[in-house]
Amino acid sequence: MTFVVWMTGLPCSGKTTIVRAMQKHVPNLAILDGDELREWLSPKDFSKEGRVEHNKKVAHLAKLLLKHNVPCGVSLVSPFVENREDARKIVGDDTRFFEVYVKCSLQECETRDVKGMYKKARANEIKNFTGISDPYEAPPNPDFVLDTEKETLEQSVQNLLNFLKSKNLVK
């Protein structure tokens, strides 16, 4: 079966790490990583309008993959509730689209930041950085929550797999 897991959370919360680890269990899982896609879909536009547009582009890619029976893991901050609502509408299949909140405190995300993005954002070297100068709206009703401060990577992956198994989407 195919599905779209739309991983949302602060930068450095563990979204991409979890999706990449999922490939061991779902070998044909396509990964749509926000940072990688931004390079060629919506470079350098971190305004609210730019983020909304980027999220819509990624949602259309996820819809295309779903249409062609490719399971998809989206790793995207998607900072606004409207981003995720738009993605759900664009993909258009509530039985196979799942908003997964990768919960992690700002403090913990900052300690995990190997690229130094948070430090640069706090020094005003990076503008419109989610969690520092731009807001992150946590999902009020996500389909599933992974708490990466309390779970190991392996536990998060297993919990997500169990969730997908409960929906008969993975074996």
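About the thresholds
Residues numbered from 1 in each chain as written. Predicted model: local features only at pLDDT ≥ 70, side-chain atom pairs only at ≥ 80, totals over all residues. Heavy atoms only, no water. Phe/Tyr/Trp six-rings, centres within 6.5 Å; stacked < 30°, edge-to-face > 60°. Helix = DSSP H or I, 4+ residues; strand = E, 2+ residues; numbered from the N terminus. Buried < 20%, exposed > 50% of the residue type's maximum accessible area, 1.4 Å probe, protein only. Contact = heavy atoms within 4.5 Å. Disulfide = S-S within 2.5 Å. Pairing = 2+ DSSP bridges. Axes fitted to C-alpha atoms, helices over the stretch in contact; angles between N-to-C directions. pLDDT = per-residue confidence, 0-100. Polar contact = N/O pair within 3.5 Å; in protein donor to acceptor, adjacent residues only side chain to side chain. Core = buried A, V, L, I, M, F, W, Y, C linked by side-chain atoms within 4.5 Å.

Caption draft 1: Spotlight on the packing of aromatic side chains. Tallied over the full model, the rule gives five aromatic pairs. Considering the side-chain rings of Phe98 and Phe163, the 5.2 Å spacing of their centres and the 90° angle between planes classify their relative orientation as edge-to-face. On the criterion of sequence distance, the pair formed by Phe98 in strand β4 (residues 97–103) and Phe163 in helix α7 (residues 153–166) is long-range, its members being 65 residues apart. For the pair Phe98 and Phe163, a shared accessibility class is recorded, and that class is buried.

Caption draft 2: Expanded view of the side chain of Asn83. Here Asn83 lies in helix α4 (residues 81–91). For Asn83, a relative accessible area of 1% puts it in the buried group. Residue contacts for Asn83: discarding those within four places in its chain leaves Arg51, Val52, Asn55 and Ser78.

Caption draft 3: Seen up close, helix α1 (residues 15–22). Across the eight residues that make up α1, a large majority, six, are buried. Tucked into the core, α1 has its buried residues touching β1 (4–8), β2 (30–33), β3 (72–75), β4, β5 (144–147) and α7.

Caption draft 4: The arrangement of the state of the cysteines in detail. For the structure shown, the criterion picks out zero disulfides. Here Cys12 stays unpaired: no disulfide links it, and the sulfur of Cys109, its closest cysteine neighbor, is 6.3 Å away. Sulfur of Cys104: no disulfide; nearest cysteine sulfur belongs to Cys109 and is 3.7 Å away.

Caption draft 5: Local environment of the sheet that holds β1. With respect to topology, five strands assemble into an open sheet ordered β2-β3-β1-β4-β5, the strand pairing being parallel. A single partner strand is all that each edge strand has here, and the edge strands are β2 and β5. Each strand axis lies, on average, 20° off the axis of its neighbour in the sheet, ignoring direction. The pairing of β4 with β5 spans four bridges and is classified as parallel. Note that in β5 the partner of Tyr101 across the bridge is Val145. Where α4 meets the sheet, its contacts fall on β1 and β4, and the angle it forms with β4 comes to roughly 155°.

Caption draft 6: Highlighting the confidence of the model for the protein. On average, residues of the protein carry a pLDDT of 91, and 95% of them reach 70 or more. By mean pLDDT, the top-scoring element of the protein is β5 (98), and the lowest-scoring one is helix α2 (residues 34–41) (72).

Caption draft 7: Representation of the environment of Thr16 within the structure. Mapping Thr16 onto the fold places it in helix α1. For Thr16, the contacting residues outside a window of four places in its chain are Asp33 and Ser75. Of the polar contacts made by the side chain of Thr16, one reaches the side chain of Asp33; its length is 2.6 Å.

Caption draft 8: Inspection of the nonpolar core at higher detail. Judged by nonpolar contacts, the single largest core of 21 residues is most densely connected at Phe3, Met7, Ile18, Met22, Leu160 and Leu164. Of all the secondary-structure elements, those providing two or more residues to this core are β1, α1, β4, β5 and α7. Of the residues forming this core, the biggest block, five residues, is contributed by α7. Contact partners of Met7, with chain neighbours within four places excluded, come to Lys15, Ile18, Val19, Val74, Ser75, Leu76, Val100, Val102, Leu146 and Leu160. Counting 15 residues, the second-largest nonpolar core is a separate cluster that includes Val58, Leu66, Cys72 and Leu76.

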